[in-house]
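Here is how the chains run, residue by residue.
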Amino acid sequence: MEIQTFFHQLWQCYAELTPQAAPIHALFAADNPLLQNDHVAFRTLGLQPITLLALETHLLRLGYHRHAAHDFPEKKLHAWSYVHFRRGEPRIFLSELQVGALSPPNQALLTALCGHVAPERLAEPDIFWAGRLWPMPSWAAYQQLQAESEYAAWFSVMGLRPNHFTISINSLRTPNTLAAAVDRVRAAGFAFNTEGGVIKGAPHLGLEQASTMADPVELIFADGDAHQVPGCYFELAQRYPQANGELYPGFITASADRIFESTHVREARS
Ligand code: NI
């Protein structure tokens, strides 16, 4: 699959579920013809057949290679970042929940969901926009997962899909700072994740990031009840040159840790 096709399909999947996606993109696309996507992020479970390693196979075929590993012990997550051999292609951040570290009831719940996924479903890169590949959980199951892992609860209803796209501030003509870009998005009425401050990271660390709060999505759970749950969000990122003159290529674990919380239910909203 061509990388352009891959990202086109990802955007379609993301925009369909995320009402804020098209309007936020349009806020910058209008005066920035060279607007670029800094990265997309995916979530999965460390359970067969949808492991990080199984998904990674497709990224390697698309021309990506591993850049750095990230661990989030409190959230029980392990992640890799990936860069493409062609400079300018979006980066990818792929995380995996260490299901074995959860309580036995939640391990059993997630193992049952994964039991519905045929291993053949992993054969093509369209697994990255496959969505939920198991029956809808009950509201009680969702809440049980959420009490221990917001990530697990989100994944149980959203499945495999891009969790966010990211406006590259470096690709913009205007505005040319992350703070000004955040102001533009806020002025249009979108709320930001304020955990650890709206802007995470710092120029001397090479990367500054800010993310909106996820759009709520109304879903019908297995018991027939409708509930609003967090869907997907948008991120803005600005990269700074390192000593060698190249833009910082990686991710900052502490910032990523807080950005995961853009899909938390009990978040304070600004
Ligand atoms: Ni991100």
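To be clear, the structure that these remarks concern was listed above.
Thresholds, definitions, all that
- Residues numbered from 1 in each chain as written.
- Predicted model: local features only at pLDDT ≥ 70, side-chain atom pairs only at ≥ 80, totals over all residues.
- Heavy atoms only, no water.
- Helix = DSSP H or I, 4+ residues; strand = E, 2+ residues; numbered from the N terminus.
- Rg over C-alpha atoms; globule rule 2.2 N^0.38 Å.
- Buried < 20%, exposed > 50% of the residue type's maximum accessible area, 1.4 Å probe, protein only.
- Contact = heavy atoms within 4.5 Å.
- Areas by Shrake-Rupley, 256 points an atom, 1.4 Å probe, with all protein chains shown as cover.
- Lys, Arg positive; Asp, Glu negative; His and termini not counted.
- Charge placed at Lys NZ, Arg CZ, Asp CG, Glu CD.
- Core = buried A, V, L, I, M, F, W, Y, C linked by side-chain atoms within 4.5 Å.
- 1 Å grid on protein atoms, 1.4 Å probe; cavity = no way out; pocket = protein on both sides within 12 Å on 5 of 7 lines; lining within 4 Å.
- Points joined across faces, edges and corners; volume = space filled by probe spheres on them.
- Nonpolar A, V, L, I, M, F, W, Y, C, P; charged D, E, K, R; others polar.
- Pairing = 2+ DSSP bridges.
- Axes fitted to C-alpha atoms, helices over the stretch in contact; angles between N-to-C directions.
- Disulfide = S-S within 2.5 Å.
- Parallel < 35°, antiparallel > 145°, perpendicular 65-115°, else oblique.
- Left-handed = near helix turned anticlockwise from the far one by under 90°.

Undergrad: If you had to explain the overall build of the protein chain to someone new, which residues and values would you point to?
TA: Counting its regular elements, the protein chain contains eight helices and ten strands. Expected size for 270 residues packed as a compact globule is a radius of gyration near 18 Å; at 18 Å, the protein chain falls within 12% of this value. Projected onto its principal axes, the C-alpha positions of the protein chain cover 50 × 40 × 30 Å. Here the protein chain, with 270 residues, has 56% of them falling under the buried criterion. At a minimum sequence separation of 6, the contacts of the protein chain that also span at least 24 residues come to 70%. Of the roughly 11400 Å² that the protein chain leaves accessible, carbon and sulfur atoms contribute 54%. Where the 19 positive side-chain charges of the protein chain centre and where its 26 negative ones centre are 4 Å apart.

Undergrad: Go over the nonpolar core, please, and point to the residues and values.
TA: If you look at the biggest cluster of nonpolar residues, it comprises 82 residues, and the most contacted ones within it are F6, L110 and L236. Ignoring sequence-local partners within four residues, the contact set of F6 consists of M1, F42, L59, L62, I92, P125, F128 and W129.

Undergrad: Explain the layout of surface pockets residue by residue, including any values.
TA: Of the pockets and cavities examined, the largest pocket occupies roughly 490 Å³. For the largest pocket, the lining is made up of 20 residues, of which R87, G88, E89, R91 and L247 are closest to its centre. Counted by class, the lining of the largest pocket contains five nonpolar, eight polar and seven charged residues. Looking at the second largest pocket, its volume works out to about 340 Å³. Of the residues assigned to the lining of the second largest pocket, the class counts are eight nonpolar, six polar and one charged.

Undergrad: How would you sum up the sheet that holds strand β5 (residues 162-168)? Please name residues and give values.
TA: In space, the eight strands of this open sheet follow the order β2-β3-β4-β1-β5-β10-β7-β6, with mixed pairing throughout. Taken across any chain shown, the strands that pair with only one partner, and hence form the sheet edges, are β2 (64-72) and β6 (200-202). Neighbouring strand axes in the sheet, compared pairwise and without regard to direction, differ in orientation by 20 degrees on average. Along the sheet, helix α2 (residues 21-29) contacts β5 and β10 (233-239); its crossing angle with β10, the most-contacted strand, is approximately 30 degrees. Across the sheet, helix α6 (residues 150-158) is in contact with β1 (39-45), β3 (77-84), β4 (91-97) and β5; its angle to β1 comes to roughly 90 degrees.

Undergrad: Pulling in residues and values, what's your account of the state of the cysteines?
TA: Going through the model one piece at a time under the given rule, you end up with zero disulfides. Of all cysteine sulfurs in the structure, the one in C232 sits closest to C13, which takes part in no disulfide; the separation is 7.4 Å.

Undergrad: So, the packing of α2 against helix α7 (residues 178-187): which residues are in play, and what are the values?
TA: Relative orientation of the contacting elements α2 and α7 amounts to 130 degrees, with a least axis distance of 10 Å. Compared by their axis directions, α2 and α7 come out oblique. Between α2 and α7 the crossing geometry is right-handed. Counting all contacts with α2, which are made through I24, L27 and F28, the residues of α7 involved are A181, R184 and V185.

Undergrad: Describe empty space enclosed by the protein, and please don't skip the residues or the numbers.
TA: The probe, sized like a water molecule, is rolled over the atoms to show the empty space still left. Tallying each qualifying case throughout the model produces one cavity of 30 Å³ or more. When its volume is computed, the largest cavity comes out at roughly 110 Å³. Taken together, 14 residues line the largest cavity, and the ones lying closest to its centre are A41, F93, H164, A256 and I259. The set of elements that each furnish at least two residues to the lining of the largest cavity consists of β1, β5, β10 and α8 (253-259). At four residues, the largest contribution of residues to the lining of the largest cavity is made by β1. Tallied by class, the residues present in the lining of the largest cavity amount to eight nonpolar, four polar and two charged.

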